[in-house]
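Per-entry structural report
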Amino acid sequence: MGGGRPLKRRLRKYQKRLLILSTGLAALFLFFWFSLPRRLFNDPISPVLLAANGKLLDARLAADEQWRFPRLKSVPERYFQVLLQYEDRRFFHHPGIDLLAIGRAMVQNIRRRQIVSGGSTISMQVIRIARKNRGRTYLEKLREMILALRLELSFSKKEVLTLYAANAPFGGNIVGIDAASWFYFGRSAESLSWAEAAFLAVIPNEPGLTSSTRGRLLLQKKRNRLLQRLLKRRYLSKLEFSLALAESIPRGPRAVPRLASHLLVTLAAQKPGQRLFQTTIKASLQETLLQIIQSEGDKLLAKNIRNLAALIIDNRQGAVVAYAGNISRDRMAEHGQDIDMIQSPRSTGSILKPFLYAAMLHEGGLTPRTLIADTPVHFSGYIPENFDRRFRGAVPARDALAWSLNIPAIRMLQQFGIPRFYHLLKKWGMTTLTRPPGGYGLTLILGGAEGTLYQITGMYAGLLQLAMADKGKRSEVCLLADEEPHPLRMRELGPAAAFLTLQALTEVNRPEEEGFWRQFNSSKWVAWKTGTSFGLRDAWSIGMTPAFTVGVWAGNADGEGNPNLTGLSSSAPVLFDILQTLDTGGAVPPPNLWLREISVCRDSGFLATDLCPATTVSMPRESHFSQGCPYHQLVHLDGSRRFRVDSRCESIERMVHVPWFVLPPLPEYYYRRYHPEYRALPPYRQDCAAFVQAESGQQAMSLVYPEANSAVYIPVDLDGKPGRAVFEVVHRRPETTVFWHMDGNYLTATRQFHQITVNPGPGRHLLVLIDEDGRRLERRFTVLNRKR
């Protein structure tokens, strides 16, 4: 009994010691396991922009002023081989520390009485780099060994190599094999030769050697010794070894290419969590575009136009292949040269007109030959006008688009509907329409809205893709290689409407702008459109060929206007310089399966009647145009065909019945100036004059202003006195006397030039005009309260 107690005490003592030991071991294990940070490297990464073929286009310093490119997915095989031969030949045979290497290093250090070798494995070097290269002491070395063991429990050998390659120093502020490959050799790590890979393998041990000529010679010797080792171990053949030795070493880091600076800044801002941007850009085409932009930018600068941008889309791929966000002038950054104008919302001018034309063709609202009125209009103080400040009376829709006339575009938008067009534009890709439709009104088609060159050029590329029918790609434009292509947003528009729109835009004769006619003669098929914003602040030009769509914008980033700034004079020359460098790919063939022919009046473009000379015009199969010609009427003439007659003054048997093309008085007034072949209605024979009063005044006269049921705003002049309004009427026979009455009071009479100035008070008014033949025209209007 007595002998059992000491045994129990000893057992309890052993148990206590075992508990202390196991607790200590557990604590050591936990300390060991959690000694490695969850994330070894948390350093900022440089934004990097690559071309479609992987070529470096641009890069920016990381936030810590280092060139640290995004990490590799894996270590390139060639660099992998030379790195192991130089740094750690037994890398795959040790657990993170190499006792043989450490022993050899200790012997060397004792012999030389200083630290000349550390015996570090690649795993230990990864730890040292992660710990920011702390002092080389034995205690620090012990920490590195422990952490290296722990590292290899969490990472595979290949992952450890990747960590080293991505974070090793390569001289100056260059970090990682990716950055080093571009800076020293101008190519990716995957493309390195044996000599180049060997050169980069020897730098991290002494990165400071890259900064001097003597240091680079030492690096070359190290590289050559490493190449000999590779030859000895049969990684290289004798021929490969000889060629590798013959390669010179770089004199220092290269300058970073600046081929797409604006795009890189834009992408980095749009995708802050991403640092590697593989684009669809073609490097050679990008360089060509930059040269053109710089050259043309110098010419524009002489005119005080300081910003220029251009974009090239490959229609066959549905991808951006060149992108110049602005001219590059570091010395003039205060003028907005650092702004990416391709992504900056700007007033659209008339660049949206083709989309309205295409939408109306698709739904059957007009035909290419339909006459659109081009006469003065007033909208509650808003008085739009054509760029050349002329009126043509009536213009075929196709010509109105080709000539970029504003008044016909406004009338088309009135017919189509502002909200409908607004929602179509948003659906087709314009994200810059931030106000409701009423906030833009009719100015939506003339530059009241803002758009970006990127989105609008993409919409034009969509038109081209649709027009190519089954021969082209139908997807939204991509800029990044990893983007999933999205179906074309405007695909419901159809190939026919798109093709007919492009056909109108191939008209190369442009009406007078800036006092001259411009004609582009080329064997290349191109459909193109220019646009100029109000105040001469933005100049747009967009051209489409089967292969490419090119968009150009010129102007001043601060919105300053310039009398020299128009689409035709500023951006169009740049457009055609770019197109001349491209293989544009022939012509767009008609999509015959989606087209049908209809018979229309040759003069008006409306459906032909028995009174019309007819012609045929192509229309989309899905459209349903149903408007008969309103302008041809049967006119009754006497036997001489010089006078109109009536059954009340001439027998029917003696009448000559002639189909006649008759425009309303106001369009006719302007139309006759441009169409000498137009025949005005003959006057009534004198003996029929007594019956003419029955003719409607609207058949003889058209009020230019005020319009029917319009609201007239008459401002107060600067001197405080009420202003005056100018009313105008057009008569088929200007020499006819017209008598003016308002609210039952006689005002005056006019002859030849039918204009008067009036000062009606606020409220509703009735204007009555009676010509000398008794024809009467009435117009009701409202005058708004005056405000100074």
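Note that the structure is a prediction, hence the values are computed from the model and not measured.

Cut-off values and rules
Going along each chain's sequence as written, the residues are numbered from 1 onward. Local features are withheld for residues below a pLDDT of 70 in this predicted model, meaning they are given only at 70 or higher, and side-chain atom pairs are given and counted only at 80 or more; totals for whole chains, interfaces and linings count all residues. By convention in this description, side-chain values take in all heavy atoms of the structure and omit both hydrogens and water. Scored between 0 and 100, pLDDT is the confidence that the predictor attaches to each residue. Should any heavy atoms of two residues lie within 4.5 Å, those residues are considered in contact. In DSSP terms, a helix is any run of H or I states spanning at least four residues, a strand is any run of E spanning at least two, and both are numbered starting from the N terminus. Only protein chains enter the calculation, and the probe is 1.4 Å; a residue is then buried if its accessible area is under 20% of its type maximum, exposed if over 50%, and partly exposed in between. A 1.4 Å probe that fits but cannot get out identifies a cavity on a 1 Å grid over protein atoms alone, an open set with protein on both sides within 12 Å along at least five of seven lines counts as a pocket, and a residue lines either if it has an atom within 4 Å of a point. Grid points are joined across faces, edges and corners, and a volume is the space filled by probe spheres set on the points. For this classification, the nonpolar set comprises Ala, Val, Leu, Ile, Met, Phe, Trp, Tyr, Cys and Pro, the charged set comprises Asp, Glu, Lys and Arg, and every other residue, Gly included, is treated as polar. Any pair of Phe, Tyr and Trp rings, taking the six-membered ring for Trp, is counted once the centres come within 6.5 Å. Such a pair is stacked with planes under 30 degrees apart, edge-to-face with planes over 60 apart, and tilted for the rest. Placement of a charge over a ring requires the Lys NZ or Arg CZ to be within 6 Å of the ring centre, with the centre-to-atom vector within 35 degrees of the ring normal. Each axis is a line fitted through C-alpha atoms, taken for helices only over the stretch in contact, and angles between the N-to-C directions span 0 to 180 degrees. Roughly parallel here means an angle under 35 degrees, roughly antiparallel means over 145, roughly perpendicular means 65 to 115, and every remaining angle is called oblique. Crossings are assigned a handedness: left-handed for a near helix turned anticlockwise from the far helix by less than a right angle, right-handed for a clockwise turn.

Quick word on the confidence of the model for the chain
When pLDDT is low, close inspection of the predicted coordinates is not appropriate. On average, the chain scores 87 in pLDDT, and the residues at 70 or more come to 91%. Low pLDDT, under 50, characterises residues 510-521; the predicted model gives this stretch 31 contacts beyond four residues in sequence or across chains.

Looking at the environment of Ala373
In this structure, Ala373 sits in strand β9 (residues 371-374). The class of Ala373 is partly exposed, set by a relative accessible area of 24%. Along the chain, Ala373 and Ala400 lie 27 residues apart, while their C-alpha atoms are 9.8 Å from each other. Look past the residues within four positions of Ala373 in its chain and what remains in contact with it is Gly393, Ala394, Ile407, Pro408 and Arg411.

Brief notes about the layout of surface pockets
In this structure, the second largest pocket occupies an estimated 840 Å³ of space. Around the second largest pocket sit 36 residues that line it, and Asn406, Thr532, Ser533, Phe534 and Gly535 are the ones nearest its centre. Counted by class, the lining of the second largest pocket contains eleven nonpolar, 15 polar and ten charged residues.

Details of the packing of aromatic side chains
Within the structure shown, the criterion is met by 20 aromatic pairs. Between Tyr184 and Phe199 the ring centres are 5.9 Å apart and the planes differ by 75 degrees, which places this aromatic pair in the edge-to-face class. With Tyr184 in helix α7 (residues 177-185) and Phe199 in helix α8 (residues 194-202), the pair connects residues that are 15 residues apart, well separated along the chain. Of the two residues, Tyr184 and Phe199, neither departs from the other in class, the shared state being buried. Seen from their ring centres, Phe355 and Tyr460 are 4.9 Å apart, and the 75 degrees between their planes marks the pair as edge-to-face. With Phe355 in helix α13 (residues 353-363) and Tyr460 in helix α18 (residues 453-467), this pair connects stretches of sequence that are 105 residues apart. Neither residue differs from the other here; Phe355 and Tyr460 are each classed as buried. Chaining the aromatic ring pairs together yields one cluster made of Phe606, Phe625, Tyr631, Phe661, Tyr671 and Tyr678. For the cation-ring pair, Arg316 lies above Phe548, with the distance from its terminal atom to the ring centre recorded as 5.1 Å.

Points about the packing of α13 against helix α19 (residues 495-505)
Contact geometry of α13 with α19 gives a least axis separation of 9 Å together with a crossing angle of 135 degrees. Taken together, the axes of α13 and α19 lie oblique to each other. Judged by the sense of rotation from one axis to the other, the crossing of α13 with α19 is right-handed. Counting all contacts with α13, which are made through Pro354, Tyr357, Ala358, Leu361 and His362, the residues of α19 involved are Ala497, Leu500, Thr501, Ala504 and Leu505. Along the lines of polarity and charge, the residues of the contact of α13 with α19 split into eight nonpolar, two polar and no charged.

Some words on unusual backbone geometry
Between Tyr705 and Pro706 the backbone carries a cis peptide bond, its omega angle lying at 5 degrees. With respect to the helices, strands and loops of the structure, Pro706 is situated in the loop between β21 (701-705) and β22 (710-712). Although it is not a glycine, Glu65 sits at a positive phi angle of roughly 65 degrees. Take Glu65: it is sitting in the loop between β2 (56-59) and β3 (67-68). Even without being glycine, Arg389 reaches a positive phi, approximately 60 degrees. With respect to the secondary-structure elements, Arg389 resides in the loop between β9 and β10 (393-396). Under the relative-accessibility criterion, Arg389 is labelled exposed at 65%.

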